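Structural characterization, general
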Amino acid sequence: MKATKYLFAIPLLCFIACSAPKEEAGVVANNEIAKARLDSTLNGLVETGMLAGASALIFEKGEEVYFNAYGYADREAKAPMDRNTIAIIYSMTKPVTGAALMTLYDKGAFQLDEPLSKYAPEFADMQVFAGIDSVSGEMILEPLERPITIRDITRHTAGFANNPNMPGLGDVLRAVDPANRENTLVQMAEKMGTIPLMFQPGTQWAYGPSVDVQAFLVERLSGVPYGEYVKKNVLDPLGMNETRYFVPESDRERISAIYRKSEDGTLTQLPDSSAHSFNINQWALTPGGYGLTSTVGDYMRLAQMYVNEGTLDGATILKPETVKLMATNHLDENIKERMWLPSKGQVGFGIDFAVRLRPPASADENHGIVGEFFWDGAASTLFWVDPVNDLTAVLFVQIMPFAGQVHKKFRDAVYGPYASAPAGK
């Protein structure tokens with residue numbers, strides 16, 4: 001009798017399970033094709049020798065929908081890439097600094113269009129480089145047409161010198177050496193204030209030390225050392241316990257090696273003594289534009305805070321309107337000189353992020369949804385926030401020089417073939 005009872009139950013249970021509505025597939029959530037495409041792409045990047053290792057984490061609607069890792073964090077030591085691998089994130093430090101700065105904006109400490117010199121007199125007497133006098137060999141300098149504003153340092157339009165090989169101005173930059181690791185942020189700012197600008201503020205987009213100046217401004221406005229401020233007001237509330245400048249000896253075996261790709265495609269591991277020197281020593285400088293290390297899970301906490309408009313798990317870092325302000329394009333269309341920013345696709349620039357303004361113009365461009373904001377790092381790390389689909393993605397690799405094609409392949413794997421990219425909901 002028991003056997004008959006249970007035999008009857010099996011088809012009944014099958015009927016219930018088979019007739020239950022399936023969860024709607026998202027971009028990656030409940031989408032086995034997308035997950036298989038991601039697996040194939042990441043594995044292929046390693047198997048073809050483009051990367052030594054890669055890990056990727058994707059959340060959709062607040063839930064983890066994908067994680068996988070392929071290859072090695074340290075190929076020579078046979079240490080696999082995994083969720084706990086510590087990567088040097090270089091310029092992905094910038095969106096952390098932006099969050100710290102904008103907590104002070106939320107407190108009314110400054111306005112974006114105020115002169116930087118209002119709070120930092122170190123930048124009160126700036127001049128602009130206009131060339132080299134052919135007779136004397138001296139620099140030709142011009143007065144400012146307008147002051148550097150705080151908005152300028154959030155969108156890379158301040159004009160700070162960034163090229164040590166630039167004739168004339170590069171000589172001054174090398175001699176003054178504001179980015180020396182032995183400098184405090186105050187010393188850095190004092191030295192930067194003596195170096196002429198490359199161009200009139202607001203006339204060009206040029207990547208440089210602007211976000212380091214943001215860290216200095218946070219320190220100046222808060223009265224708290226920048227490293228302490230960002231930890232107390234951004235990292236700790238978000239539970240980002242492994243995002244830090246200095247990695248203690250007990251965790252160093254988890255730091256990924258960094259590889260350099262030669263023209264013939266060979267990957268060569270950079271010596272740890274140079275690749276990791278910033279993070280295994282404690283320096284006076286706490287730069288806002290680079291220097292942090294993180295794990296994919298830790299950095300996803302920051303991305304989730306942004307997609308949730310400033311809040312995560314009960315911790316409020318920023319006001320919703322402030323996150324929207326950060327993710328809005330602040331780069332006037334009249335600014336035509338944009339360094340390499342156009343290589344990122346149809347984008348403008350907000351506060352420490354690129355902001356997608358238009359769909360990709362061709363299949364050769366990076367995938368992305370209008371309204372997304374994102375940034376990357378020198379060792380080819382990447383993250384983005386897609387508010388339309390409530391999706392955040394973090395990709396950790398450690399390869400130089402910057403490998404934009406890796407990002408192209410990863411984005412294609414997330415969103416699918418170009419012609420059928422999600423248009424948003």
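Preceding this section is the structure that the text describes.
The shown structure was predicted, so the numbers you read here are calculated from the model rather than taken from an experiment.

**Describing the overall build of the chain**
Scanning the chain from terminus to terminus reveals twelve helices and 17 strands. What you see for the chain is a C-alpha radius of gyration of 24 Å, in line with the 22 Å of a compact globule of 425 residues. The burial tally for the chain puts 52% of its 425 residues in the buried class. Of the contacts made within the chain by residues no fewer than 6 positions apart, 68% connect residues no fewer than 24 positions apart. Counting only carbon and sulfur atoms, one obtains 54% of the accessible surface of the chain, whose full area is about 18,700 Å².

**Considerations on unusual backbone geometry**
With an omega dihedral of -5°, the bond running from Met400 to Pro401 counts as a cis peptide bond. If you trace the backbone, Pro401 turns up in the loop between β17 (399-400) and α12 (404-415). Even without being a glycine, Lys78 presents a positive backbone phi close to 60°. For Lys78, the location among the structural elements is in the loop between β2 (63-74) and β3 (79-80). When its relative accessible area of 56% is taken as the criterion, Lys78 is described as exposed. One non-glycine residue with positive phi stands out, namely Asp352, at about 70°.

**Brief notes about the packing of helix α2 (residues 32-47) against α12**
Across the interface, α2 lies against α12 with an axial gap of 7 Å and an inter-helix angle of 160°. Considering the angle they form, α2 stands roughly antiparallel to α12. As for the relative orientation of α2 and α12, their crossing is right-handed in sense. Where α2 abuts α12, its residues Ala34, Arg37, Leu38, Thr41, Leu42 and Leu45 lie against Val406, Lys409, Phe410, Asp412, Ala413, Val414 and Tyr415. Classifying every residue of the contact of α2 with α12 gives nine nonpolar, one polar and three charged.

**Some words on the nonpolar core**
With 112 residues, the main nonpolar core has Ile58, Phe123, Phe160, Tyr306, Phe410 and Val414 as its most contacted residues. Ignoring any residue separated from it by four or fewer positions in sequence, one finds Tyr306 in contact with Pro95, Gly98, Ala99, Leu318, Val323, Met326, Phe353, Phe373 and Val385. The next biggest cluster of nonpolar side chains, apart from the first, holds eight residues, and it includes Leu169, Leu173, Met198 and Phe199.

**Looking at the side chain of Asp74**
One can find Asp74 in strand β2. This buried residue, Asp74, is left without a salt bridge; Arg75 holds the nearest opposite charge, at 7.3 Å. In this structure the side chain of Asp74 is engaged in a polar contact, spanning 3.2 Å, whose partner is the backbone nitrogen of Glu76. Aside from chain neighbours lying at most four places away, what touches Asp74 is Ala79, Ala257, Tyr259 and Gln269.

**Digging into helix α10 (residues 296-307)**
For the α-helix, the turn length of 3.6 residues means that residues three or four positions removed from each other point alike. Taking 1.5 Å of rise per residue, twelve residues should cover 16 Å, and α10 covers 16 Å from first to last C-alpha, within 8% of that figure. Of all the twelve residues making up α10, ten are buried; the element is thus mostly covered by neighbouring parts of the structure. Val296, Asp298, Tyr299, Met300, Leu302, Ala303, Gln304, Met305, Tyr306 and Val307 are the residues of α10 that are buried. Glu309 sits one or two positions beyond α10 and adopts a positive phi of about 60°.

**Brief notes about the sheet that holds strand β14 (residues 373-376)**
The sheet built from eight strands is open, its strands ordered β3-β2-β1-β16-β15-β14-β13-β12 with antiparallel pairing. Because the sheet does not close on itself, it has two edges, and the strands there are β3 and β12 (347-349). Bridge count between strand β15 (residues 382-386) and strand β16 (residues 391-396): five bridges; the pairing is antiparallel. Directly across from Phe383, in β16, lies its bridge partner Val394. Here α12 sits on the sheet and contacts β1 (53-60), β14, β15 and β16; the angle it forms with β15, its principal contact strand, is near 35°.

Thresholds, definitions, all that
- Residues numbered from 1 in each chain as written.
- Predicted model: local features only at pLDDT ≥ 70, side-chain atom pairs only at ≥ 80, totals over all residues.
- Heavy atoms only, no water.
- Helix = DSSP H or I, 4+ residues; strand = E, 2+ residues; numbered from the N terminus.
- Rg over C-alpha atoms; globule rule 2.2 N^0.38 Å.
- Buried < 20%, exposed > 50% of the residue type's maximum accessible area, 1.4 Å probe, protein only.
- Contact = heavy atoms within 4.5 Å.
- Areas by Shrake-Rupley, 256 points an atom, 1.4 Å probe, with all protein chains shown as cover.
- Axes fitted to C-alpha atoms, helices over the stretch in contact; angles between N-to-C directions.
- Parallel < 35°, antiparallel > 145°, perpendicular 65-115°, else oblique.
- Left-handed = near helix turned anticlockwise from the far one by under 90°.
- Nonpolar A, V, L, I, M, F, W, Y, C, P; charged D, E, K, R; others polar.
- Core = buried A, V, L, I, M, F, W, Y, C linked by side-chain atoms within 4.5 Å.
- Lys, Arg positive; Asp, Glu negative; His and termini not counted.
- Salt bridge = Lys/Arg side-chain N within 4 Å of Asp/Glu carboxyl O.
- Polar contact = N/O pair within 3.5 Å; in protein donor to acceptor, adjacent residues only side chain to side chain.
- Expected span 1.5 Å × (residues − 1).
- Pairing = 2+ DSSP bridges.

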